[in-house]
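Okay, here's what each chain looks like letter by letter:
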Amino acid sequence: MLYARRRPALLCGTLAALMMTFYGCDSALEPSQAKGGSAFSVDPAFQPRVVDGRLAFRDMGHFEGYLKQLGDAGTADLANAEGQLAGFQSLRAYLDPNEWTEESARTAREGEPSGNEATALEKDGVVRADFPVSDQLLSVLNHEGEVLIEQSAFKLTRDHVYQVAAHDVALLDQVPTLSSAPPATKDSLMTVRDVETTEIRDGAVSTQGGATAARMLGTCYVYAGSSYRMRGSTSITNLWFYAEARVTTEWQRKKSFLWWSWWANQWQSGTLRHEWWGNLYYGFWGSPLAGPVPVNGWQSGTGTDRISNNLLWMAGWGVRVAGTLNARHYVNNWAVNGSCNT
């Protein structure tokens, strides 16, 4: 199943011609990324089981249906949904800097890690920016990046996607951290794939998962001194069992811990906004892709750390998204008023 966000007059007609079922034929929204988690709930029909700390979905349709339930949920709503799953800590929560509310941003200490960042750095050598996918996907992976779907177990790390049979899930212990390289000795029971993404981590000068700077859809910045900035990005990421095209605009502050330095999201009182346009294609690995699916629209948020939109996403066996995507990103807050293009 394919899910796309766009303006209805343009795309819904295209969908009818393609004979596909789409969801979300609506105009661009203005969601708060920290909206009322106490009111958010998931249909019990889509609630997964928790097995040894991992979410277990009976089949790919169940997995897809749960992701659709999460939809445009903000951070507080995702935290609420995860809180209903006893014995489960998500990868989203594990990487969360926890500065997405006014109160937490105000009490954060300048330049230091907050939330779970220090733990994720020390144990796994990663931060949130190492995973160029939506919080909705990270919300269904456990803190080790693992999920059970039908008869398969998947593990997402910074650079790779691992797949084993569900009854061989212990083999994933050969990948001890979220930044580990694949096992030196190949195991016929484990399939290893690169994370294919058009987004390159900040400061990267070589390839990540086969994606070079020439293949980037785009990342741009508006700086406010040396410690604060707005970061805008457009990205397409393919993980074999999940694929998405996304636009994100976020407010960040620079942090450091031991020998690491990185940028992490922080709440700001002003407004973030982006406009997007492009042509996307979808299908399966090794097969011709269908499309184009034109996407265009806008989104803004005031009093938030980030606005992000999955413009098109798929869940399935070997799903793949490609195409072109452009955006203009705006920030207007206490520190800076500016824009940049991706």
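Enquirer: So what about the overall build of the protein chain? Which residues, and what values?
Expert: A tally of helices and strands in the protein chain yields 7 helices and 17 strands. Buried positions account for 55% of the 342 residues belonging to the protein chain. Counting every atom, the protein chain has about 14,000 Å² of accessible surface; 51% of that belongs to carbon and sulfur.

Enquirer: I'd like a rundown of the side chain of Ser134, residues and numbers included.
Expert: Position of Ser134 among the secondary structure elements: in the loop between helix H6 (117–124) and helix H7 (135–138). The class for Ser134 is buried, based on a relative accessible area of 3%.

Enquirer: Quick one: what's the story with the pairing of strand S12 (residues 260–265), residue by residue and with numbers?
Expert: Note: strand S11 (residues 242–257) against S12, 6 bridges, orientation antiparallel. For Phe257, the partnering residue across the bridge sits in S12 and is Trp260. Hairpin remark: S11 followed by S12, antiparallel, with 2 residues in the connecting loop; positive phi at Leu258, about 55°.

Enquirer: Please provide a residue-by-residue account of the pairing of strand S6 (residues 160–165), values included.
Expert: Within S6, 5 of the 6 residues are buried, which leaves the element mostly enclosed by the surrounding structure. In terms of strand pairing, strand S5 (residues 152–156) meets S6 through 5 bridges, oriented antiparallel. Paired with Ser152 across the bridge in S6 is Ala165. Linkage of S5 to S6, two consecutive antiparallel strands, is achieved through a turn of 3 residues. Taken together, the 4 bridges between S6 and strand S7 (residues 191–194) define a ladder with antiparallel strand orientation. Considered in S7, the bridge of His160 is made with Asp194.

Enquirer: Which residues make up the sheet that holds strand S14 (residues 290–304), and what values do they have?
Expert: Strand pairing in a sheet relies on backbone hydrogen bonds, with the paired strands running either antiparallel or parallel. Strand order in the open sheet formed by 4 strands is S14-S13-S16-S17, with antiparallel pairing between adjacent strands. Each end of this open sheet is capped by a strand with a single partner; those strands are S14 and strand S17 (337–341). In this sheet, neighbouring strand axes are inclined to one another by 20° on average, regardless of whether the strands run parallel or antiparallel. Where strand S13 (residues 268–284) meets strand S16 (residues 319–332), 14 bridges bridge the pair, whose relative direction is antiparallel. When the sheet's bridge partners are listed, Tyr281 is paired in S16 with Ala322.

Enquirer: Lay out H6 with the relevant residues and their values.
Expert: If you check which residues of H6 are buried, you get Glu117, Ala118, Ala120, Leu121 and Asp124. Phi for Gly125, located one or two positions after H6, is positive at around 70°.

Enquirer: So what's going on with the pattern of salt bridges? Which residues, and what values?
Expert: On inspection of all chains with the given rule, the structure shows 15 salt bridges. Between Glu102 and Arg106 there is a salt bridge; the shortest N-O distance is 4.0 Å. A residue pair is termed a helical-turn pair when its members lie 3 or 4 positions apart in one helix, as Glu102 and Arg106 do in helix H5 (residues 102–107) at 4 residues. On the basis of relative accessible area, Glu102 is assigned to the partly exposed category, the value being 45%. Judged by its relative accessible area of 57%, Arg106 falls in the exposed class. The partner of Glu117 in a salt bridge is Lys255, and the shortest N-O contact between them spans 2.7 Å. Of this pair, Glu117 sits in helix H6 while Lys255 is found in strand S11, placing the two residues 138 residues apart along the sequence.

Enquirer: I'd love a proper account of the packing of aromatic side chains, names of residues and values included.
Expert: Summed over all chains, the structure comprises 14 aromatic pairs. Geometrically, the ring pair formed by Phe154 and Trp317 is tilted, given 6.0 Å between the ring centres and 35° between the ring planes. Of this pair, Phe154 sits in strand S5 while Trp317 is found in the loop between strand S15 (306–315) and S16, placing the two residues 163 residues apart along the sequence. For Phe154, a relative accessible area of 1% corresponds to the buried category. Judged by its relative accessible area of 37%, Trp317 is partly exposed. Geometrically, the ring pair formed by Trp240 and Trp285 is tilted, given 6.2 Å between the ring centres and 45° between the ring planes.

Enquirer: Requested: an account of the nonpolar core, with residues and values cited.
Expert: Membership of the largest hydrophobic core comes to 38 residues, with the highest contact counts inside it found for Phe63, Leu70, Phe131, Val140, Leu239 and Phe241. Looking at this core, the elements with two or more residues in it are strand S3 (54–57), helix H2 (60–70), helix H3 (75–83), helix H4 (91–95), H7, strand S4 (146–149), S5 and S15. When residues of this core are assigned to their parent elements, the largest contribution, 5 residues, is made by H2. When near neighbours in sequence (up to four residues on either side) are disregarded, Phe131 contacts Leu91, Leu95, Val126, Leu138, Leu156, Thr157, Arg158 and Leu178. By size, the runner-up hydrophobic cluster in this structure holds 18 residues, among which are Leu2, Val295, Met314 and Val319.

Definitions and cut-offs
- Residues numbered from 1 in each chain as written.
- Predicted model: local features only at pLDDT ≥ 70, side-chain atom pairs only at ≥ 80, totals over all residues.
- Heavy atoms only, no water.
- Helix = DSSP H or I, 4+ residues; strand = E, 2+ residues; numbered from the N terminus.
- Buried < 20%, exposed > 50% of the residue type's maximum accessible area, 1.4 Å probe, protein only.
- Areas by Shrake-Rupley, 256 points an atom, 1.4 Å probe, with all protein chains shown as cover.
- Pairing = 2+ DSSP bridges.
- Axes fitted to C-alpha atoms, helices over the stretch in contact; angles between N-to-C directions.
- Salt bridge = Lys/Arg side-chain N within 4 Å of Asp/Glu carboxyl O.
- Phe/Tyr/Trp six-rings, centres within 6.5 Å; stacked < 30°, edge-to-face > 60°.
- Core = buried A, V, L, I, M, F, W, Y, C linked by side-chain atoms within 4.5 Å.
- Contact = heavy atoms within 4.5 Å.

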